[in-house]
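# Observations on chain architecture
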Amino acid sequence: DFWCAHVVYLVTFLVAILLTILHPPTSAEVEAFLSLSPAYLSSSSALQHLVVARAAGVVHGEAPSVLLAVAYHESRYTLVQRTREPGSRVSCGVMTPIPQSGCSAWELTLAGGYDVGAKHLAMWRTHYPRHTRLAYAGGGGLVRVCARGPWMVAGRNVCSFERDILTLAREIDRALKKAGTS
């Protein structure tokens, strides 16, 4: 049963990638996305991020722009990102979703990074539909702390994560929409 679920999941993800490849982002969309983060992306990597974020979005029911915004915030689109976390843990991959003892090879690939991150985001959506991105950043504890007001860490309001992600996602959506209609 365990393996059957994973095989079905893998097939679904591969079909989503195939569908995305058959209907790839236009060159105008790639250039629009690239223009938002030219210091971190090349034309080639912008195309790859768009394709894989769209596939992960299809599989996990999340807007690709949100996945791209989280990837920008967490790693600046770095595939092999390893972020140190409290308790001798590390968060891995382009979306750095889950503090753990180490990184798997899958998490440090483009597809794996978006897949694991989007799956983690989808899990939090079931528990905190109004604060999914905030729960992604720090679990239910962060959602509860932020319900009381701003939480300042090193001069930064940690509770602004959700707003920051949604603002960047809207910026990505606007750029892609404009590129699609030009």
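### A few points about the environment of G113
With respect to the helices and strands, G113 occurs in helix α5 (residues 110-127). Note: C-alpha distance between G113 and L67 (46 residues apart in sequence) is 10 Å. If sequence neighbours within four positions are ignored, G113 has contacts with V94, M95, W106 and E107.

### Focus on the side chain of S160
Mapped onto the elements of the fold, S160 is located in the loop between β4 (156-157) and α7 (161-181). Given a relative accessible area of 7%, S160 falls into the buried group.

### Overview of the nonpolar core
With 43 residues, the main nonpolar core has F33, L67, L68, Y77, M95, Y114 and I172 as its most contacted residues. Those elements that provide at least two residues to this core are α1 (2-22), α2 (27-36), α3 (43-60), α4 (64-75), α5, α6 (132-147) and α7. For this core, the element with the most residues is α3, which contributes 7 residues. What Y114 contacts, discounting residues up to four positions off in sequence, is H49, V52, A53, A56, L67, L68, A71, Y77, V94 and M95.

### Topic: the state of the cysteines
By the definition in use, this model includes 2 disulfides. The disulfide partner of C92 is C103, and the gap between their sulfur atoms is 2.1 Å. Taking the torsion about the S-S bond as the criterion, the C92 to C103 disulfide, at about -85 degrees, is left-handed. With C92 in strand β2 (residues 89-92) and C103 in the loop between β2 and α5, this residue pair connects regions lying 11 residues apart in the sequence. The exposure class assigned to C92 is buried, which follows from its relative accessible area of 2%. A residue is classified by how much of its surface remains accessible, and C103, at 27% relative accessible area, is partly exposed. Residue C146 pairs covalently with C159 via a disulfide, S to S 1.9 Å.

### Notes on the pairing of strand β1 (residues 82-85)
Sheet analysis places β1 next to β2, joined by 4 bridges and oriented antiparallel. Looking at the pairing, E85 lines up with R89 of β2. As consecutive antiparallel partners, β1 and β2 are separated by 3 residues, and within that stretch G87 has a phi angle of approximately 80 degrees, a positive value.

### A few points about the pattern of salt bridges
One pass over the full model with this rule turns up 4 salt bridges. The salt bridge involving E162 is made with R133; its shortest N-O contact spans 3.0 Å. Here the residue E162 occupies a position in helix α7, and R133 occupies one in helix α6, the gap between them amounting to 29 residues. Of the two residues, E162 and R133, both sit in the buried class.

### Describing the packing of α4 against α5
Across the interface, α4 lies against α5 with an axial gap of 11 Å and an inter-helix angle of 110 degrees. Relative to α5, the element α4 is oriented roughly perpendicular. Considering only the axes of α4 and α5, their crossing is right-handed. Facing α4, whose interface residues are V66, L67, L68 and A71, α5 presents Y114, A118 and L121. The class makeup of the residues in the contact of α4 with α5 is 7 nonpolar, no polar and no charged.

About the cut-offs
Sequence order sets the numbering: in each chain, residues are counted from 1 along the sequence as written. This being a predicted model, a pLDDT of at least 70 is required before a residue's local features are given, and a value of 80 or more before pairs of side-chain atoms are given or counted; all residues contribute to the totals for chains, interfaces and linings. Think of the side-chain values as coming from all heavy atoms in the structure, minus any hydrogens and water. Going along the chain from the N terminus, every DSSP run of H or I of four or more residues is numbered as a helix, and every run of E of two or more is numbered as a strand. Residues are treated as being in contact if the distance between any of their heavy atoms lies within 4.5 Å. Burial classes follow relative accessibility: with a 1.4 Å probe on protein chains only, a residue under 20% of its type's maximum area counts as buried, one over 50% as exposed, and anything between as partly exposed. We define the nonpolar core as a collection of buried residues of types Ala, Val, Leu, Ile, Met, Phe, Trp, Tyr and Cys that are connected through side-chain atoms lying within 4.5 Å of one another. By disulfide we mean two sulfur atoms from cysteines, separated by a distance within 2.5 Å. Any two strands are treated as partners once DSSP identifies two or more bridges connecting them. Between Lys or Arg on one side and Asp or Glu on the other, a salt bridge is scored when a side-chain nitrogen of the former is within 4 Å of a carboxyl oxygen of the latter. Comment: axis = line fitted to C-alpha atoms, over the contacting stretch for helices; angle = value between 0 and 180 degrees taken between N-to-C directions. When an angle is under 35 degrees it counts as roughly parallel; over 145 it counts as roughly antiparallel; between 65 and 115 it counts as roughly perpendicular; any other value is oblique. Here a crossing is taken to be left-handed if its near helix is turned anticlockwise relative to the far helix by less than a right angle, and right-handed if that turn runs clockwise. The nonpolar class holds Ala, Val, Leu, Ile, Met, Phe, Trp, Tyr, Cys and Pro. Asp, Glu, Lys and Arg form the charged class, and all remaining residues, Gly among them, are polar.

By themselves, these are just geometric observations and shouldn't be taken as functional.
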